[in-house]
Amino acid sequence: MIHDAQLDYYGKKLATCSSDRSIRIFEVEEENQRLVATLPGHQGPVWQVAWAHPKFGNLLASCSYDATVIIWKETNGTWARFYDHTKHTASVNSIAWGPHEYGLTLLCGSADGTVSLLSFSDEMGWYPSGPFSTKSGAGINAVSWAPSSISGSIINSAPANSTAPGRRFVTGGCDTHVRLWREEGDKWENYETLEKHSDWVRDVSWAPNLGIGPNTIATASQDKTVLIWTETSPQQWTSTPLRSDGFPDVVWRVSWSVSGNILAVTCGDNTVTLWKENLDGVYSQIGELKDQAASN
């Protein structure tokens with residue numbers, strides 16, 4: 001079973017990961033894909049892969065049931081293990097590279113109820129921070145970074161004495177809560193907890209922000225709902241169901257388009273639906289894809 005598939009920044013390389021413990025790299029040319037590498041190394045199913053920004057070279061991260069994160073690097077067409085992150089004590093379920101403005105930093109969420117950060121500098125090489133407890137007492141299923149830009153920065157002039165918000169991210173887990181985190185000095189603070197889901201939060205996705213709108217987060221849950229959270233004022237969030245009647249099955253994944261105005265929702269009934277926000281801030285469905293082979 002393939003658990004994740006991710007295109008690189010330019011859409012020229014595709015990485016997949018699966019239950020057979022391997023990662024596969026494909027070259028993509030229009031509608032054709034060519035397998036160029038198979039990366040063995042994990043000792044359990046591989047849940048997720050993530051490409052780093054190309055300014056850092058061809059780097060791919062993977063996380064697995066074996067409690068490890070592996071950084072892979074391509075040099076002259078050859079892929080090799082670059083670094084193993086082994087600080088977690090249970091399955092690492094989700095990974096996400098931070099905005100490139102923050103440098104090379106990977107966020108990791110684990111079933112052991114902790115998150116960690118893995119960073120790189122020329123002086124120190126790879127160095128981990130954490131893991132630190134999320135205080136939830138339950139496993140982390142998903143992580144996502146906040147965009148680095150200031151909300152509304154394109155259309156609003158910030159006061160001269162204002163400062164940009166520090167690094168932030170969001171987590172979702174088995175305690176049904178969505179937790180927002182911000183960097184405070186050398187520590188991370190859980191500054192907001194959003195409580196509306198009634199079952200495991202399967203995925204979280206902080207929408208890209210081009211500086212023209214409020215911060216927005218989509219969350220997907222075992223309770224068959226997707227909630228759209230909007231920051232109406234600093235530390236004040238409101239939630240709206242994407243579908244008032246819910247979805248027909250567990251919702252596994254939510255993913256924003258690059259511009260942040262289209263949301264893809266992956267559901268347990270083998271469908272992917274696309275939703276677009278109109279000028280009034282209301283989302284409507286604009287498309288649906290269904291895997292007929294999986295449903296037969």
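Residues numbered from 1 in each chain as written. Predicted model: local features only at pLDDT ≥ 70, side-chain atom pairs only at ≥ 80, totals over all residues. Heavy atoms only, no water.

**Q** What am I meant to see in the pairing of strand β1 (residues 2-7) here?
**A** Successive side chains on a regular strand alternate, one facing one side of the sheet and the next facing the other. Strand direction decides the pairing type here: β1 and strand β2 (residues 13-18), joined by 5 bridges, are antiparallel. Considered in β2, the bridge of glutamine 6 is made with alanine 15. (Pairing = 2+ DSSP bridges. Helix = DSSP H or I, 4+ residues; strand = E, 2+ residues; numbered from the N terminus.)

**Q** When you look at the layout of surface pockets in this model, what are you seeing that I'm missing?
**A** The gaps left among the atoms become clear once a water-sized probe is rolled over them. Considered as a void within the structure, the second largest pocket measures approximately 500 Å³ in volume. Put simply, the parts of the chain that give the lining of the second largest pocket at least two residues each are β19 (226-233) and β20 (236-241). (1 Å grid on protein atoms, 1.4 Å probe; cavity = no way out; pocket = protein on both sides within 12 Å on 5 of 7 lines; lining within 4 Å. Points joined across faces, edges and corners; volume = space filled by probe spheres on them.)

**Q** Quick question: what am I supposed to make of the sheet that holds strand β16 (residues 187-194) here?
**A** Neighbouring strands of a sheet are bound in pairs by backbone hydrogen bonds; such pairs are parallel or else antiparallel. Ordered in space as β13-β14-β15-β16, the 4 strands form an open sheet in which the pairing is antiparallel. Edge strands, defined here as strands with exactly one partner in the open sheet, are β13 (140-145) and β16. Taking each pair of neighbouring strands and ignoring which way they run, the sheet shows an average axis angle of 25 degrees. Here strand β14 (residues 168-173) runs beside strand β15 (residues 178-184); their pairing, made up of 5 bridges, is antiparallel. Residue valine 170 lies in a different strand from β15, and its bridge partner there is leucine 180. (Axes fitted to C-alpha atoms, helices over the stretch in contact; angles between N-to-C directions.)

**Q** How should I be thinking about the sheet that holds strand β8 (residues 78-85) in this particular structure?
**A** Taken together, 4 strands build an open sheet; the order of strands is β5-β6-β7-β8 and the sheet is antiparallel. Each edge of the open sheet is held by one strand with a lone partner, namely β5 (46-51) and β8. Here the strands of the sheet are splayed against their neighbours by 25 degrees on average, with no regard to which way each runs. Across 5 bridges, the pairing between β5 and strand β6 (residues 59-64) is antiparallel. From the neighbouring strand, alanine 50 faces β6, where its bridge partner is alanine 61.

**Q** How do you make sense of the state of the cysteines when you look at a structure like this?
**A** Note on terminology: a disulfide is the covalent bond linking the sulfur atoms of two cysteines. Going through the model one piece at a time under the given rule, you end up with 0 disulfides. Take cysteine 63: it sits in no disulfide, and the sulfur closest to it among the cysteines is that of cysteine 17, at 7.2 Å. Accessibility expressed as a relative area gives 0% for cysteine 63, which makes it buried. Take cysteine 267: it sits in no disulfide, and the sulfur closest to it among the cysteines is that of cysteine 174, at 19 Å. Its relative accessible area of 5% is what places cysteine 267 among the buried residues. (Disulfide = S-S within 2.5 Å. Buried < 20%, exposed > 50% of the residue type's maximum accessible area, 1.4 Å probe, protein only.)

**Q** Honestly, the side chain of asparagine 141 in this entry has me stumped. Any pointers?
**A** Of note, asparagine 141 is situated in strand β13. Residue classification places asparagine 141 among the buried residues on the basis of a relative accessible area of 13%. A polar contact of 3.0 Å, which involves the side chain of asparagine 141, links it to the backbone oxygen of valine 201. (Polar contact = N/O pair within 3.5 Å; in protein donor to acceptor, adjacent residues only side chain to side chain.)

**Q** Explain the pairing of strand β3 (residues 23-29) here, please?
**A** Two elements, β2 and β3, share 5 bridges in a ladder whose sense is antiparallel. Paired with leucine 14 across the bridge in β3 is phenylalanine 26. Between β2 and β3, which follow one another and run antiparallel, lie 4 residues, and arginine 21 among them has a positive phi close to 75 degrees. Both β3 and strand β4 (residues 32-39) contribute to a ladder of 7 bridges, which runs antiparallel. Bridged to valine 28 within β4 is glutamine 33. Remark: 2 residues form the turn of the hairpin made by β3 and β4, two consecutive strands paired antiparallel; glutamate 30 in that turn has positive phi of roughly 55 degrees.

**Q** What's the story with the confidence of the model for the protein chain in this structure? I'm lost.
**A** Detailed reading of the predicted coordinates is not advisable wherever pLDDT falls low. Averaged over all residues, the pLDDT of the protein chain equals 89, while 91% of them reach at least 70. Across the protein chain, element-level confidence peaks in β6 with a mean pLDDT of 98 and bottoms out in helix α1 (residues 292-295) with 49. In the model, residues 150-163 has pLDDT below 50 throughout and makes 17 contacts with residues more than four positions away in sequence or in other chains. (pLDDT = per-residue confidence, 0-100. Contact = heavy atoms within 4.5 Å.)

**Q** What should I look at first to understand the packing of aromatic side chains in this one?
**A** In the structure shown here, the tally under the stated rule is 17 aromatic pairs. Plain terms: the ring middles of phenylalanine 169 and tryptophan 181 are 6.2 Å apart, the flat faces sit at 20 degrees to each other, and that makes the pair stacked. Taken together, the residues span a long stretch of sequence, with phenylalanine 169 in strand β14 and tryptophan 181 in strand β15 at a distance of 12 residues. A relative accessible area of 1% means that tryptophan 181 is categorised as buried. We note lysine 73 situated over the ring of phenylalanine 82; from NZ or CZ to the ring centre the distance is 4.9 Å. A cation over a ring is seen here: arginine 243 above phenylalanine 247, with NZ or CZ 5.0 Å from the ring centre. (Phe/Tyr/Trp six-rings, centres within 6.5 Å; stacked < 30°, edge-to-face > 60°. Lys NZ or Arg CZ within 6 Å of the ring centre and 35° of its normal.)

**Q** Would you mind showing me how to read the pattern of salt bridges here?
**A** Side chains that differ in charge, positive against negative, can pair when their charged atoms come close. Taken as a whole and assessed by the stated rule, the structure comprises 10 salt bridges. Overlapping salt bridges, with partners in common, bring together Asp4, Asp203 and Arg253 in one network. (Salt bridge = Lys/Arg side-chain N within 4 Å of Asp/Glu carboxyl O.)

**Q** Hey, could you run me through unusual backbone geometry in this one?
**A** It is generally the case that most residues other than glycine have a negative phi and that most peptide bonds are trans. That bond from glycine 130 to proline 131 is cis: its omega, 10 degrees, falls within 30 degrees of zero. The residue proline 131 is located in strand β12 (residues 125-133) in this model. With a phi close to 75 degrees, arginine 21 is a non-glycine residue in the positive phi region. You can see arginine 21 is positioned in the loop between β2 and β3. Not every positive phi belongs to a glycine, and asparagine 76 is a case in point at roughly 55 degrees.

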